[in-house]
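Breakdown of the fold
As a plain string of letters, each chain reads:
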Amino acid sequence: MSQSNPHYPKLFEPLMVHNHTLKNRVIMGSMHTGLEEKKGGFKRLAQYFRERAEGGVALIVTGGIAPNFAGRVSPFGSQLSFPWQVKKHKIVTDAVHKAGGKIAMQILHTGRYAYHPFSVSASAIKSPISPFKPKALSIRGIKKTIKDFANCAKLAKKAGYDGVEVMGSEGYLINQFIVSKTNKRTDEWGGEFKNRIKLPIAIVKAVREATDENFIIIYRLSMLDLVEDGSSWDEVVELGIAIEKAGASIINTGIGWHEARIPTIVTSVPRANFTWVSKKMKPHLSIPLITTNRINAPEVAEQVLSNGDADMVSMARPFLADADFMNKAEAGKPETINTCIACNQACLDHAFKNQIVSCLVNPRACFETELNYSKTDSPQKIAVVGAGPAGLSFAITASEIGHNVTLFDASDEIGGQLNVAKQIPGKEEFHEMIRYFKVMLRDNNVEVVLNTRISADFFKDADSKSTGFDQIIIATGITPRVPDIAGIDHPKVLSYLQVLKEKKPVGKSVAIIGAGGIGFDVAEFLTHEGESLTTRPDAWNDEWAVDPSYENRGGLKKQAILEESPREVYLLQRKHGKVGAGLGKTTGWTHRLALKHKKVKMLNRAEYLKIDDQGLHIRIGDEESCLAVDNIVLCSGQLTNNHLYQELKSTISNVHIIGGADVATELDAKRAIKQGAELAVSI
Ligand code: FAD
Ligand code: NAP
Ligand code: SF4
């Protein structure tokens, strides 16, 4: 018998599924990357998946592939229906198998979520998140759809996949048949629950018949719809049992329809917040069960398995962040894992904007054939000024490829603005990013010099330790913008740094000038007291009306239980549009809703007239008023802090500038990290 892993014994326990030995308990969950549709994308996908298989994950699930035209995500979305389409998939399966991994293809029929006018569903009811009204499938159409799933699975087997995942959750076609609010049919595919679940049962049976007894069929079961009139718990159990009987090999957990207004994976969701629902399902099944959502660290996964919540754990985004996640866990080095901070900024936000998916903390994700950290033939001595994400990313990448790097920062800690971001309730994951950078600086032997503000003279002084640098990288970040408003020097006025970093006292009523990412974060900070909801799952579930006792359909509480804000807060912008319109595509709505819970008053079209003892005087349209607040907090954007670069570049040629110091507009950690890594490989 093989020895169990001393660090994570449950996580590294092998599991037999038919005649397949899964080497550990982790699957890489399905993620659409955008490479599926790109010319030459399958070659890039092969390298992306190969690195994850080499990194030790037991089973990979691909992004969703449609079984027919109507089921495509978009008009040019990927589909597997014809034998000529098999060849390109083989590049992927061969790469994964050569690396000792296993891979299943997800079959996804989007139903009414399709972003094209040919969408179909159980009934002709438009979803709230799609512009297209679907056509109700005819009975012939339903039978054809079942055949299409079977054909797709057969072709997937031919392409070398070890199995398929039938996507039955997140509100896609299968879900639309199961739930009465989207299935108003009066024939044998609608009406009673037993009719509404005929489609998934028939699909799983047909897929099994079209393949063989050793083909892995994962069924993603919607265990918690999180929408009004979703499935009841008894219905979920009945379906799970029926799906097992129909021939599924593994049941995966699906949480929340895409149209649900409850966050399920963003960074403010407590880690492993939904595994209770898998645990509730487990006694009803005899096949392996996978649990999921906001599991991003090996100790969390181990805990979930030890609790008996499930037999396996699915992580998706954590494998964008770090392909070697499992190998590092197996070696007992969790501190070296580049942790997914659940920001969605480079993954889901990109997918929803039709851009190639990547990762904020790992710009190589999905760019494995383009951005390579190969060892340099000519090591150089490099100085980096500024240990924010841009400087850190440059320093660790440059040292990894063989350069000799010294990193300077004026502060007594590395991280730059990440140290400010981590103060925000719901942004606790930023601590992980800083921890990772610290460990990488150590492991790559970067010399770190803190408490040292660098001036231009430093590099000109022949006697100082500054001599002999081949390259100088300026990553000095930004300075907050101070708007030109009468009375801006009034003692009521505070900068976001005074509030978040210096922890200056803030009164009971506050006006925030500027409603960008930082304005929203400051509002979040000021409307919370005590421990963050993210570390109090019960309170989080109360706030978002998630009901672990599952008394009502969809797993929703009848009413949310909200904690009151300790302050009255106004959040203002000059623009005419919706306040918060510029926030992340897939996360902005959660920030807006969270502040609505705290009764934050969001005002657009604000003209700032003056600040005095009375408060902040504004005009909106023709109406002038005074917000009689105790404090006004400035979150009015940022300006480049590039004077060091400007001074140096007039006399030195080997000086480069990155991050906020380079361009402050629309700067975020994603851009800073990417720019740092790209400069390091090109220098
Ligand atoms: P900075 O992080 O500003 O780092 C610059 C560093 O240079 C500092 O450590 C500073 O001490 C040092 N320095 C400056 N001058 C000198 C000198 N002369 N000598 C030595 N050292 C010097 N981004 C996201 O992507 N997602 C988020 O969710 C997010 N949330 C945020 C929340 C808040 C509250 C804040 C304030 C920012 C947030 N950001 C977020 C923005 C993100 O942190 C910045 O875009 C990023 O830190 C910019 O990186 P940088 O390396 O260019 O600069
Ligand atoms: P920002 O998003 O550009 O917002 C700046 C705000 O200030 C805007 O609301 C702007 O709105 C206002 N403003 C600009 N000039 C002004 C002036 N002269 N007077 C008054 N108001 C003015 O920048 P930020 O909030 O400072 O954030 C900095 C960066 O950090 C952003 O680029 C962001 O990507 C990143 N960040 C991201 C997150 C995240 O969750 N992803 C969170 C925090 C920060 P009006 O012009 O309409 O008034
Ligand atoms: Fe995770 Fe953010 Fe990277 Fe997406 S972009 S994988 S959420 S760290």
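All of these numbers come straight from a predicted model, not from anything done at the bench.

1. Description of the sheet that holds strand β21 (residues 601–603)
With respect to topology, five strands assemble into an open sheet ordered β18-β25-β19-β20-β21, the strand pairing being parallel. A strand with exactly one partner marks an edge of an open sheet, and here the two such strands are β18 (493–495) and β21. The sheet shows a mean angle of 20 degrees between the axes of neighbouring strands, direction not considered. Against the sheet, helix α17 (residues 517–526) makes contact with β19 (509–513), β20 (568–572), β21 and β25 (631–634), and its axis sits at roughly 165 degrees relative to β19, the strand it touches most.

2. Here's the deal with the domain arrangement of the chain
Looking at the assigned domains, one finds that the chain contains domain 1 (15–351), domain 2 (381–479 + 640–682) and domain 3 (482–528 + 565–636). Summarising the inter-unit geometry, the C-alpha centres of domain 1 and domain 3 are found 41 Å apart. Where domain 1 abuts domain 3, roughly 600 Å² becomes buried across the two surfaces, and 62% of that area is made up of carbon and sulfur atoms. The interface formed by domain 1 and domain 3 holds zero salt bridges in total. The interface formed by domain 1 and domain 3 contains three residue pairs in polar contact (both at pLDDT 80 or more). Each residue belonging to the side of domain 1 that touches domain 3 can be placed in one class, and the counts come to six nonpolar, one polar and two charged.

3. Some thoughts on the site of ligand 3
With respect to spatial proximity, the complete set of residues near ligand 3 consists of R317, L320, C340, I341, A342, C343, N344, A346, C347, C359 and L360. Grouping the constituent residues of the shell around ligand 3 by class yields nine nonpolar, one polar and one charged.

4. Notes on unusual backbone geometry
Not every positive phi belongs to a glycine, and N354 is a case in point at roughly 60 degrees. On the secondary structure map, N354 appears in the loop between α12 (348–352) and β13 (381–385). A positive phi is found at N445, a non-glycine position, where the angle reads about 55 degrees. Tracing the backbone through its elements, the reader meets N445 in the loop between α15 (430–443) and β15 (447–449). Classification of N445 by relative accessible area gives exposed; the value is 65%.

5. Focus on the nonpolar core
Counting 183 residues, the largest nonpolar core has Y219, M433 and L526 as its most contacted members. With near-sequence residues (within four places) excluded, L526 lies in contact with V499, V506, V510, I512, S565, P566, R567, V569 and V633. Counting 18 residues, the second-largest nonpolar core is a separate cluster that includes A383, A456, Y645 and I652.

6. Section: the pattern of salt bridges
Enumeration according to the criterion identifies 32 salt bridges in this entry. We note a salt bridge from K279 to D309, for which the minimum N-O separation is 3.8 Å. Placement of the pair is K279 in helix α8 (residues 275–281) and D309 in the loop between α9 (298–306) and β12 (312–315), with a sequence separation of 30 residues. The class of K279 is partly exposed, set by a relative accessible area of 40%. Since its relative accessible area comes to 5%, D309 is described here as buried. Residue K282 is joined to D311 by a salt bridge in which the shortest nitrogen-to-oxygen separation is 3.1 Å.

7. Comments concerning the site of ligand 2
The environment of ligand 2 is made up of 22 residues, and the closest members are A515, I518, R574, K575 and L667. Between ligand 2 and the protein, one listed contact pairs an oxygen atom with a backbone N or O atom of G516 at 3.3 Å. Between an oxygen atom of ligand 2 and a main-chain N or O atom of G517, the distance comes to 3.3 Å. When the free accessible area of ligand 2 is taken as 890 Å², the share hidden by the protein chains comes to 76%.

The rules behind these values
- Residues numbered from 1 in each chain as written.
- Chains lettered and ligands numbered in written order.
- Predicted model: local features only at pLDDT ≥ 70, side-chain atom pairs only at ≥ 80, totals over all residues.
- Heavy atoms only, no water.
- Pairing = 2+ DSSP bridges.
- Helix = DSSP H or I, 4+ residues; strand = E, 2+ residues; numbered from the N terminus.
- Axes fitted to C-alpha atoms, helices over the stretch in contact; angles between N-to-C directions.
- Contact = heavy atoms within 4.5 Å.
- Domains from an automatic or database assignment.
- Buried area = accessible area lost by both parts, 1.4 Å probe.
- Salt bridge = Lys/Arg side-chain N within 4 Å of Asp/Glu carboxyl O.
- Polar contact = N/O pair within 3.5 Å; in protein donor to acceptor, adjacent residues only side chain to side chain.
- Nonpolar A, V, L, I, M, F, W, Y, C, P; charged D, E, K, R; others polar.
- Near = heavy atom within 4 Å.
- Buried < 20%, exposed > 50% of the residue type's maximum accessible area, 1.4 Å probe, protein only.
- Core = buried A, V, L, I, M, F, W, Y, C linked by side-chain atoms within 4.5 Å.
- Areas by Shrake-Rupley, 256 points an atom, 1.4 Å probe, with all protein chains shown as cover.

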